[in-house]
Amino acid sequence: MWKLSLTIWLIFSGTATAFQFPKIKFVGISTKEDSNAPRRLVENGPEETENLRVRLEKYCDIFEKNRSSDKASNKPSDVSFRWEPHLRESYAVADVIFNEVERASRDGYNCNEPKSLHQVVLSFPSMSRPEDLGKLTAVLQSDKCKKVLGLEDAYSEIYPSSPAPYLRITFSSFITISGAKNDQKVSNENAGLPAENAVSATEDWVNNFLGKYRLCPYTSSISRAAVGLSSVQVPVGGVHVRVAVTNTENVEKRSFDIPRAAELVSAFWSEVVTLMDSTQEEWATSLLLFPKYDTEFEAFVDICDSIVEPTVVATQATQFIGRAWFHPNYDANAVGHAKVIAGHAVPHKMVEEFVKSLHSSSSSRKDDQGLLEYDELVMANNKVRKTPHATINILRRSQLMAAGEYEKGLGEKRPKANSIYARNAVRLAEAIKNRN
């Protein structure tokens, strides 16, 4: 959908404040030629691939003896190994990593007895950019990730320090996650909402709100996104809507928060892979729904801002996707941003300036007659980001760039910079006023 176009959502890359990685020493940073050595072994065929896997498993066993996080208690760690010899793109690697994080958190929630410290080792010998694994590790090592996803530690190495690139994740003792007592029960009435209901409500929103008010100039309905871009070789495609569902029956809030957050991040990367593996005619864009966060706006955007966005930057996935956060209670004031930041609506004060600029350029009047009151503008600007359910929109970067090229070709008819934000605010403010 949504080519919430260059005019709407391309703000996510160029003007947004980039995530800054902490200073950290990555083991095994090497030349481009050196880093490709494990991939060449995989390309040589199954026999050399298997030999490489065996070498890495042996290396990690030795490594574990020297670095076991449970060494002091002399308890053996529960270590699982996942070998992914053919994945090249970093976004596909992120999908596998967070799928394992979600699985571990789900297993931990279902565990009612103390369990030995769990670790997972994941290896990706064919990564095009092995250094991205170190950047993902830095995100996983952040205090936010450790707390929200239930992690104890994350460590990675790449060739030549190790036979192949690998990541070791240590999860917090599951008894501390699932053994909490007397915690508040999950009360979100939408947490157990049938998936088909959430999809239906979102499709209705696209057809009868987004399309009706032309908030995105390139989306007319749930089945027709990237409309009007054929001149820049972009075909019309559909909007893929997916619901992330967690069983929340009789769940204690504290124990629920970790698998819920892990599911959000995992579902995001799974949907990125789905979009990238599909044709443009099949899916132009994706809407990923999280009804479990419908009543928790700040918790939802906190995970999007502090975990999803940094992993997007770490994998350099900004080359492939744009992203935007939506929520039933979206409130730009609660976000508290004065400048454009990735994933979020343009701040109200900036939209106010865009409205004034549009008014002065399109009207012969030099006074403020016809301008929106500030509270009207705030309501309308937030309304653009209010969806039936907590939602992440994932867009194709190629289509966003193509939309920009299309608009450049319009000449004098090209929309004025940032006018879409002003027009959307004015259009919705008028609709709200008429409805009232």
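Please refer to the structure placed before this passage.
Residues numbered from 1 in each chain as written. Predicted model: local features only at pLDDT ≥ 70, side-chain atom pairs only at ≥ 80, totals over all residues. Heavy atoms only, no water.

## Observations regarding the side chain of threonine 387
Note on placement: threonine 387 falls in the loop between α14 (374-383) and β10 (391-396). For threonine 387, the side chain forms a polar contact with the main-chain nitrogen of histidine 327, separated by 3.5 Å. Among the polar contacts listed, one links the side chain of threonine 387 to the backbone oxygen of histidine 389, at a separation of 2.7 Å. (Helix = DSSP H or I, 4+ residues; strand = E, 2+ residues; numbered from the N terminus. Polar contact = N/O pair within 3.5 Å; in protein donor to acceptor, adjacent residues only side chain to side chain.)

## With respect to the packing of helix α6 (residues 131-140) against helix α11 (residues 297-314)
Look at α6 against α11: their axes get within 9 Å of each other, and the N-to-C directions meet at 165°. When the axes of α6 and α11 are compared, the pair comes out roughly antiparallel. You can see that α6 and α11 cross each other, and the crossing is right-handed. Contacts between α6 and α11 involve Asp132, Lys135, Leu136 and Val139 from the first element and Ile307, Pro310, Thr311 and Ala314 from the second. Tallied by class, the residues present in the contact of α6 with α11 amount to 5 nonpolar, 1 polar and 2 charged. (Axes fitted to C-alpha atoms, helices over the stretch in contact; angles between N-to-C directions. Parallel < 35°, antiparallel > 145°, perpendicular 65-115°, else oblique. Left-handed = near helix turned anticlockwise from the far one by under 90°. Contact = heavy atoms within 4.5 Å. Nonpolar A, V, L, I, M, F, W, Y, C, P; charged D, E, K, R; others polar.)

## Brief notes about the pattern of salt bridges
Per the counting criterion, the structure on display carries 18 salt bridges. Note that arginine 106 and glutamate 102 form a salt bridge whose closest N and O atoms lie 3.5 Å from each other. Of this pair, arginine 106 and glutamate 102 both sit in helix α5 (residues 90-109), 4 residues apart, which is roughly one turn of that helix. We classify glutamate 102 as buried; its relative accessible area is 15%. Residue lysine 356 is joined to glutamate 353 by a salt bridge in which the shortest nitrogen-to-oxygen separation is 4.0 Å. Within this pair, lysine 356 and its partner glutamate 353 are both found in helix α13 (residues 348-362), separated by 3 residues, close to a single helical turn. (Salt bridge = Lys/Arg side-chain N within 4 Å of Asp/Glu carboxyl O. Buried < 20%, exposed > 50% of the residue type's maximum accessible area, 1.4 Å probe, protein only.)

## Quick look at the sheet that holds β10
One open sheet holds the 4 strands; their spatial order is β7-β8-β10-β9, and the pairing between them is mixed. Bordering the open sheet on either side are β7 (238-243) and β9 (321-326), each of which pairs with just one other strand. Strand-to-strand twist in this sheet, taken as the mean axis angle between neighbours without regard to direction, amounts to 20°. Two elements, β9 and β10, share 6 bridges in a ladder whose sense is antiparallel. Each residue of the ladder has a partner; that of tryptophan 325, found in β10, is isoleucine 392. Against the sheet, helix α15 (residues 397-408) engages β8 (283-289), β9 and β10, with an angle of about 65° to β10. (Pairing = 2+ DSSP bridges.)

## A word on the packing of aromatic side chains
With the rule as written, the count across this model stands at 11 aromatic pairs. Their ring planes at 45° and their centres at 6.1 Å tell us that phenylalanine 290 and phenylalanine 300 sit as a pair that is tilted. One end of the pair, phenylalanine 290, is in the loop between β8 and α11; the other, phenylalanine 300, is in helix α11, with 10 residues separating them in the sequence. Given the relative accessible area of 0%, phenylalanine 290 is considered buried. (Phe/Tyr/Trp six-rings, centres within 6.5 Å; stacked < 30°, edge-to-face > 60°.)

## So, α15
With 12 residues, α15 extends 17 Å between its outermost C-alpha atoms, agreeing within 8% with the 16 Å of an ideal straight helix rising 1.5 Å per residue. If you check which residues of α15 are buried, you get Arg397, Gln399, Leu400, Ala402, Ala403, Gly404 and Glu407. (Expected span 1.5 Å × (residues − 1).)

## Here we look at the sheet that holds strand β1 (residues 78-83)
An order of β1-β2-β4-β3 is seen for the 4 strands of this open sheet, with the pairing classed as mixed. Each edge of the sheet is formed by a strand with only one pairing partner; in this case those strands are β1 and β3 (151-157). Strand after strand, the sheet turns through a mean of 15° between neighbouring axes, direction not considered. Bridge count for β1 against strand β2 (residues 118-123) is 6 bridges, and the pairing is parallel. Counted as the bridge partner of serine 80 is valine 120 from β2. Seen against the sheet, α6 touches β3 and β4 (166-171) and runs at an angle of roughly 165° to β3.

## Description of the environment of proline 194
Within the secondary structure, proline 194 sits in the loop between α8 (174-178) and α9 (195-210). Sequence spacing of proline 194 and valine 245 is 51 residues, and the spatial spacing of their C-alpha atoms is 8.6 Å.

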